[in-house]
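Structural description and commentary
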Amino acid sequence: MVSLRRSRAVLAVLAVLMVLLASCAQIPRSGPVGKSKDEGAGNPNAPVFFPAAPRAGSSPETVIEDFYMAGSGYEDDYPVARQYLTQAQSVTWKPDKRAIVFREAQVVKAAGENEYLYELDLAYSVDADGVATQFPPGTKETIPLTLEQVEGQWRISKVPDGTAIPEETFKVIYGAFPIYFYDPTFTYAVPDYRWFIKKNTVKSMTSAVLAGPAPYLRGAVVSAFPSGMKLARESVPVVSGSAQVDLSAKELFDASAEDRQRMQNQLALTFRDQPDVINVQLRADQDLVRVEDNGTVLPPVVDKSVPARQIAVSNGDLVRYENNRMTPLPDIQPVSGLGPHSPAESPVSQTAAFLNGDKTTLYAIEPGQPARQLTTRSTLTGPSFSPHDWVWTAGPGANGAAEVVAFKPTGIAPGMAIPNVTITPAWLSGRTVKDFRVSREGTRALVISEANGKSTVQITGIVRNADGVPKDLTSPITLVSSGSADQGVWVNSSTVAVMSGSATGTVVPELLSLESGEPQQLAPWDGLTSLSAGNGSEQIYGQSEAGVFQRVGNGWELQLKGPTEPAFPG
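Read on for a plain summary of the structure. (Residues numbered from 1 in each chain as written. Predicted model: local features only at pLDDT ≥ 70, side-chain atom pairs only at ≥ 80, totals over all residues. Heavy atoms only, no water.)

1. Here we look at the side chain of S342
- Assignment of secondary structure puts S342 in strand β21 (residues 341-345).
- Residue classification places S342 among the buried positions, given a relative accessible area of 13%.
- For S342, the residues in contact, after removing those within four places along its chain, are A353, F354, L355, K359, G382, P383 and E565. (Helix = DSSP H or I, 4+ residues; strand = E, 2+ residues; numbered from the N terminus. Buried < 20%, exposed > 50% of the residue type's maximum accessible area, 1.4 Å probe, protein only. Contact = heavy atoms within 4.5 Å.)

2. Overview of the sheet that holds strand β17 (residues 301-302)
- With mixed pairing, three strands are arranged side by side in an open sheet as β11-β12-β17. The sheet terminates laterally at β11 (174-182) and β17, the two strands that pair on one side only.
- The strands touched by helix α6 (residues 201-211) are β11 and β12 (188-197); relative to β11, the strand with the most contacts, the crossing angle is about 40°.
- The strands touched by helix α8 (residues 257-270) are β11, β12 and β17; relative to β11, the strand with the most contacts, the crossing angle is about 155°. (Pairing = 2+ DSSP bridges. Axes fitted to C-alpha atoms, helices over the stretch in contact; angles between N-to-C directions.)

3. Thoughts on helix α2 (residues 60-69)
- Across the ten residues that make up α2, a large majority, nine, are buried.
- When we look at burial in α2, the residues that qualify are P60, E61, V63, I64, E65, D66, F67, Y68 and M69.

4. Regarding the layout of surface pockets
- Estimated volume of the second largest pocket: approximately 760 Å³.
- If you trace the second largest pocket, you find 42 residues lining it, with S342, G382, D435, R437 and Q487 closest to the centre.
- Listed by contribution, the elements that provide at least two residues to the lining of the second largest pocket are β21, β25 (384-385), β29 (432-438), β34 (487-490), β40 (530-533) and β44 (564-567).
- Looking at the lining of the second largest pocket element by element, the count peaks at six residues for β29. (1 Å grid on protein atoms, 1.4 Å probe; cavity = no way out; pocket = protein on both sides within 12 Å on 5 of 7 lines; lining within 4 Å. Points joined across faces, edges and corners; volume = space filled by probe spheres on them.)

5. Focus: the sheet that holds β40
- Across the sheet, four strands lie side by side as β40-β41-β42-β43; this open sheet has antiparallel pairing. Each edge of the open sheet is held by one strand with a lone partner, namely β40 and β43 (555-560). Recorded for the sheet is a direction-independent mean angle of 30° between the axes of neighbouring strands.
- In this sheet, strand β41 (residues 540-544) lies alongside β40 in antiparallel orientation, the contact comprising four bridges. Looking at β41, one finds that A533 is bridged to I540.

6. What about the pairing of strand β26 (residues 391-396)?
- With five of six residues buried, β26 is to be regarded as a mostly interior element.
- The loop that links β25 with its antiparallel partner β26 comprises five residues; one of these, D389, has a positive phi angle of about 70°.
- Following β26, the chain reverses through five residues before pairing antiparallel with strand β27 (residues 402-407); G400 in that reversal takes a positive phi of roughly 90°.

7. Some words on the nonpolar core
- Counting residues in hydrophobic clusters, the biggest one holds 91 residues, and the most contacted among them are F67, Y68, Y118, L145, Y174, L247 and F271.
- The element best represented in this core is strand β6 (residues 115-127), accounting for seven residues.
- Once residues lying within four places of it in the same chain are set aside, the contact partners of L247 are L210, F225, M229, K230, L231, A232, L252, L282, R283, A284 and D285.
- Core analysis: the next-biggest nonpolar cluster, separate from the first, contains 17 residues, W390, W392, V421 and A445 among them. (Core = buried A, V, L, I, M, F, W, Y, C linked by side-chain atoms within 4.5 Å.)

8. Remarks on the environment of P387
- Looking at where P387 falls in the secondary structure, it is placed in the loop between β25 and β26.
- Residue class for P387 comes out buried when judged on its relative accessible area of 12%.
- As for P387 and V438, which are separated by 51 residues in sequence, their C-alpha atoms are 9.1 Å apart.
- In this structure P387 touches Y188, P347, V348, S439, R440, E441 and G442, once residues within four positions along its chain are discounted.

Here it is as structure tokens:
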């Protein structure tokens, strides 16, 4: 057995020559001659590795280790890594099918002749479209390999497609980049974070957009590009700042003018952080297709913001908390007799919702009307509104299974039935939902659930019917947290803040991001029992018996004593 630890991986990477590409002059925006970049267009300063070639006399174990270390040499289709393979395997091996990222690895002799196993402590798995799955420490994966001697030197004759690289190398070579899709109304842009090699981003992003959203977003978001549309050539050159996206002609010409405008907007958003891309050109068989802006297509809202006000509880009733002042909710009748807790307010109307004192009943209230009971269960999560005025909560159903329920009370006359939906996701079977929070654009939800005393933080997609009525929740992705959590809030379109509240202990909230696998711990604070978040990580509030505190730098600053459980609209 040959052990490969983290230090071994770092030394191997440092042993190769790494150069940073020199930054080039600004791309001209006009003129008769354009400067072109090929399908590798992306970050001009992306790191490039030159790994070591095979060494004469290396053992099978060393050949396997060095082969995977050579996975850092991605330029020109992994030429060094292919030198470790037999000629036949070198032709058929497809390194871009999957990237396996490990914390530690070791080579183990298998039972068969010249057969070995590469045993990994798995950190990430990244598929061909850049969809990454994160795994906690201790997750194991085994790669089988077969070797044979070629002219007296050991070479790999059988290996699965894909590469396996140390986590340290992965963080240098790869980056998380958002590609964008739309909510079903084409009003909001929804980020779908993918991991790509930093130097090949433009082509990779384009292919990923055409392939459609990540599994957890399928059915929850839409694309302007119809299914089946493909690149007409396997490159996306960037000429004088214009990304030339050459698409299959029939689908492009069959699309309406509005759809072509949405296609261009979708790619422009996706490329907006690429330093060498200024605009997007749609092409059919290399001929420019002009996209006419007739004013009917509005650019989608990116990172939807929430109003500055918060709803809270004070002296047993609902209040508005804004600019460190409390005022009554406009035209809302008193609800102190119901013992309101966990209040929420719609971001698009004046409808509010709250739980009763023991958090078993959900109420909604509109201006000028009394509160109406929506549901009663043995326990309920705090309500959360979507931009469509549906209010969501979760709790056990009649048979004890976890259910997610949504109601649309706004505009329903007293005495009339309130539209409602009950969803029982299979992936919540055997779990207790601790918190359910809809994202600002309404296509996703933060779900914190617990089983056997262990909490899990997940993001699911919200699938709706054509009329906007919720229908289902997608199989979620899991965000790895360093601690336990029983509540959370959206901070922006890609980040959530979570914590396990405690009235008596020290609480350490964490930021979990779709673009980073590393939780960011915020400053600890005693007695935090609830969290709220406005627009960005500097507008995070925590509430304790001492009052409402706002995150300031790496600490907390007292804002006001009196209101409890403040929550921004949503």
